[in-house]
Amino acid sequence: MTRVIVAGAAGRMGQRISYMVHTNPGLELAAAFEHPDSPALGRDVGENCGVGAIGVAISPGLESVIDQGDVIIDFTFHEATMEFAAIAAKHGRAMVIGTTGLTRKNLAELRRLAQGNFPCVQAPNMAVGVNVLFKLVEKTAAILGDAYDVEIVEAHHRMKKDAPSGTALKLGEMAAGALNRDLAQVGVYERNGIIGERTDNEIGIQTIRAGDIVGEHTVYFAGAGERIEITHRAHNRDNFARGATLAAGWVAGKPNGMYTMFDVLGLTDF
Ligand code: NAD
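This one's a predicted model, so the numbers in the text were calculated from it and none came from an experiment. (Residues numbered from 1 in each chain as written. Predicted model: local features only at pLDDT ≥ 70, side-chain atom pairs only at ≥ 80, totals over all residues. Heavy atoms only, no water.)

**Section: the packing of helix α1 (residues 12-22) against helix α8 (residues 238-251)**
Right, so step 1: Put simply, α1 and α8 touch, their axes get as near as 9 Å, and they point 55° apart. Accordingly, the angle class assigned to the pair α1 and α8 is oblique. Both α1 and α8 take part in a crossing whose hand is right-handed. For the pair formed by α1 and α8, the contact residues are Met 13, Arg 16, Ile 17, Met 20 and Val 21 on the first element and Asp 238, Phe 240, Ala 241, Arg 242, Ala 244 and Thr 245 on the second.
Right, so step 2: Residue classes in the contact of α1 with α8 are distributed as seven nonpolar, one polar and three charged. (Axes fitted to C-alpha atoms, helices over the stretch in contact; angles between N-to-C directions. Helix = DSSP H or I, 4+ residues; strand = E, 2+ residues; numbered from the N terminus. Parallel < 35°, antiparallel > 145°, perpendicular 65-115°, else oblique. Left-handed = near helix turned anticlockwise from the far one by under 90°. Contact = heavy atoms within 4.5 Å. Nonpolar A, V, L, I, M, F, W, Y, C, P; charged D, E, K, R; others polar.)

**Focus: the environment of Ile 143**
Right, so step 1: Its location among the elements puts Ile 143 in helix α5 (residues 128-144).
Right, so step 2: Owing to a relative accessible area of 70%, Ile 143 belongs among the exposed residues under this scheme.
Right, so step 3: Residues Ile 143 and Ala 178, spaced 35 residues apart in sequence, show a C-alpha to C-alpha distance of 8.9 Å. (Buried < 20%, exposed > 50% of the residue type's maximum accessible area, 1.4 Å probe, protein only.)

**Remarks on the domain arrangement of the protein chain**
Right, so step 1: Splitting the protein chain by domain gives domain 1 (2-122 + 237-265) and domain 2 (128-234).
Right, so step 2: For domain 1 and domain 2, the distance between their C-alpha centroids amounts to 30 Å.
Right, so step 3: Contacts between the two partners involve seven residues from domain 1 and, on the opposite side, eight residues from domain 2.
Right, so step 4: If you sort the residues of domain 1 by the area they bury against domain 2, Arg 237, Asn 239 and Phe 262 come out on top, with a joint share of 62%.
Right, so step 5: There are zero salt bridges connecting domain 1 and domain 2.
Right, so step 6: Across the contact surface, domain 1 and domain 2 share zero residue pairs in polar contact (both at pLDDT 80 or more).
Right, so step 7: Listed by contribution, the elements that provide at least two residues to the side of domain 1 that touches domain 2 are α8 and α9 (261-265).
Right, so step 8: Grouping the constituent residues of the side of domain 1 that touches domain 2 by class yields four nonpolar, one polar and two charged. (Domains from an automatic or database assignment. Buried area = accessible area lost by both parts, 1.4 Å probe. Salt bridge = Lys/Arg side-chain N within 4 Å of Asp/Glu carboxyl O. Polar contact = N/O pair within 3.5 Å; in protein donor to acceptor, adjacent residues only side chain to side chain.)

**Side note on the pattern of salt bridges**
Right, so step 1: Applying the stated rule across the entire model yields 15 salt bridges.
Right, so step 2: The salt bridge partner of Arg 191 is Glu 151, with a shortest N-O separation of 2.8 Å. Pair noted here: Arg 191 is in the loop between β8 (187-188) and β9 (203-209) and Glu 151 is in strand β7 (residues 149-156), with a separation of 40 residues, a long-range link.
Right, so step 3: On the basis of relative accessibility, which here comes to 14%, the residue Glu 151 falls in the buried class.
Right, so step 4: A single network of salt bridges, built from pairs that share partners, joins Asp 149, Glu 151, Arg 191, Arg 198 and Glu 202.

**Some points on the pairing of strand β10 (residues 215-223)**
Side-chain positions along a regular strand alternate between the two faces of the sheet.
Right, so step 1: One ladder, built from seven bridges, connects β7 with β10; its direction is antiparallel. Each residue of the ladder has a partner; that of Ile 152, found in β10, is Val 219.
Right, so step 2: Where β10 and strand β11 (residues 226-234) come together, nine bridges link them in antiparallel fashion. Directly across from His 217, in β11, lies its bridge partner His 232.
Right, so step 3: Hairpin connection of β10 to β11: two residues between the antiparallel strands, including Gly 225 at a positive phi of 80°. (Pairing = 2+ DSSP bridges.)

**What to know about the packing of aromatic side chains**
Right, so step 1: One pass over the full model with this rule turns up three aromatic pairs.
Right, so step 2: Consider the rings of Phe 134 and Phe 262, whose centres lie 6.4 Å apart with planes at 85°: the pair is edge-to-face. Linking Phe 134 in helix α5 with Phe 262 in helix α9, this pair joins segments that are 128 residues apart in sequence.
Right, so step 3: Residue Phe 262 is classed as buried on the basis of its relative accessible area, which comes to 13%.
Right, so step 4: Here the aromatic rings of Trp 250 and Tyr 259 are separated by 5.1 Å at their centres, their planes lie at 80°, and the arrangement is edge-to-face. Side by side, Trp 250 and Tyr 259 carry an identical accessibility label, which is buried.
Right, so step 5: The residue whose ring lies beneath Lys 135 is Phe 262, and the NZ or CZ to ring-centre distance is 4.5 Å. (Phe/Tyr/Trp six-rings, centres within 6.5 Å; stacked < 30°, edge-to-face > 60°. Lys NZ or Arg CZ within 6 Å of the ring centre and 35° of its normal.)

**As for the site of the ligand**
Right, so step 1: The environment of the ligand is formed by 20 residues, the closest being Arg 12, Met 13, Glu 34, Thr 100 and Met 126.
Right, so step 2: Contacts to the ligand include Arg 12, whose backbone N or O atom sits 2.9 Å from an oxygen atom.
Right, so step 3: Within the backbone of Gly 98, one N or O atom sits 3.0 Å away from a nitrogen atom of the ligand.
Right, so step 4: Contact with the protein chains removes 76% of the 870 Å² of surface that the ligand exposes when unbound.
Right, so step 5: Those elements giving two or more residues to the shell around the ligand turn out to be α1, β2 (27-34) and α3 (78-91).
Right, so step 6: The class makeup of the residues in the shell around the ligand is ten nonpolar, eight polar and two charged. (Near = heavy atom within 4 Å. Areas by Shrake-Rupley, 256 points an atom, 1.4 Å probe, with all protein chains shown as cover.)

Put into structure tokens, the structure is as follows:
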């Protein structure tokens with residue numbers, strides 16, 4: 001049984017992850033912690049995630065609970081994540097990191113810490129379906145080649161602060177890579193006015209922000225007389241939480257170093 005420590009247990013993702021860990025027969029919800037200023041400190045993590053009291057209180061910080069778990073699942077804030085990684089390295093504990101907004105410098109430091117000290121799965125989108133979508137898009141682009149225009153449309157709720165989504169950018173990168181293009185050169189994020197004809201190599205990424213849409217991504221491959229559309233729709237946040245719990249079960253006991261959801265799902269060579 002893999003013992004899990006949930007970081008940011010009172011957050012939107014932290015609550016769903018606590019629930020998924022508790023209801024997974026291969027995982028034990030061993031500990032949970034929050035920001036030292038959180039009003040959730042001391043609350044039972046089971047009550048907090050809707051499964052009833054389980055006798056595990058939400059603690060103030062990772063240091064106080066690190067000995068109780070094998071894997072830390074972190075969906076918090078990038079600066080906090082780096083603090084947790086340093087503690088995980090010191091104690092040799094595995095990590096699953098879903099927190100977004102990690103800078104290039106953060107990622108380099110994370111790689112350095114993980115290499116010698118702990119196994120770490122890090123992915124900005126842990127949904128199983130989205131990771132399958134990445135691979136489908138890469139394969140489809142490689143098969144169709146330059147004769148088909150690639151366009152990506154993403155839709156999210158009105159509270160989302162960044163655009164386009166990291167997932168849409170990754171989809172663009174997967175398609176561009178398969179077509180020997182560089183998304184930094186060919187990405188088009190806005191069209192307005194007399195813009196002229198579409199160029200052959202451009203990859204459009206367009207954004208919708210509306211209501212409470214959890215997350216939708218469609219990739220178009222449009223050629224002469226036909227098109228393929230590949231769509232992923234997130235119905236709620238459980239798809240991310242489920243991916244995180246799969247990763248937690250997978251990463252415990254792996255050699256030190258960095259892994260992605262492709263490793264967890266066996267999609268690396270697909
Ligand atoms: P949220 O604000 O609801 O939750 C974050 C929680 O982290 C809060 O409860 C906060 O108190 C806690 N926290 C912050 N600093 C802390 C610290 N130093 N110590 C302990 N706890 C701390 O946010 P959310 O919607 O749950 O998202 C969290 C992160 O997960 C974001 O970066 C988001 O983009 C990311 N995310 C990733 C995926 C994925 O699949 N990889 C999916 C959804 C969200």
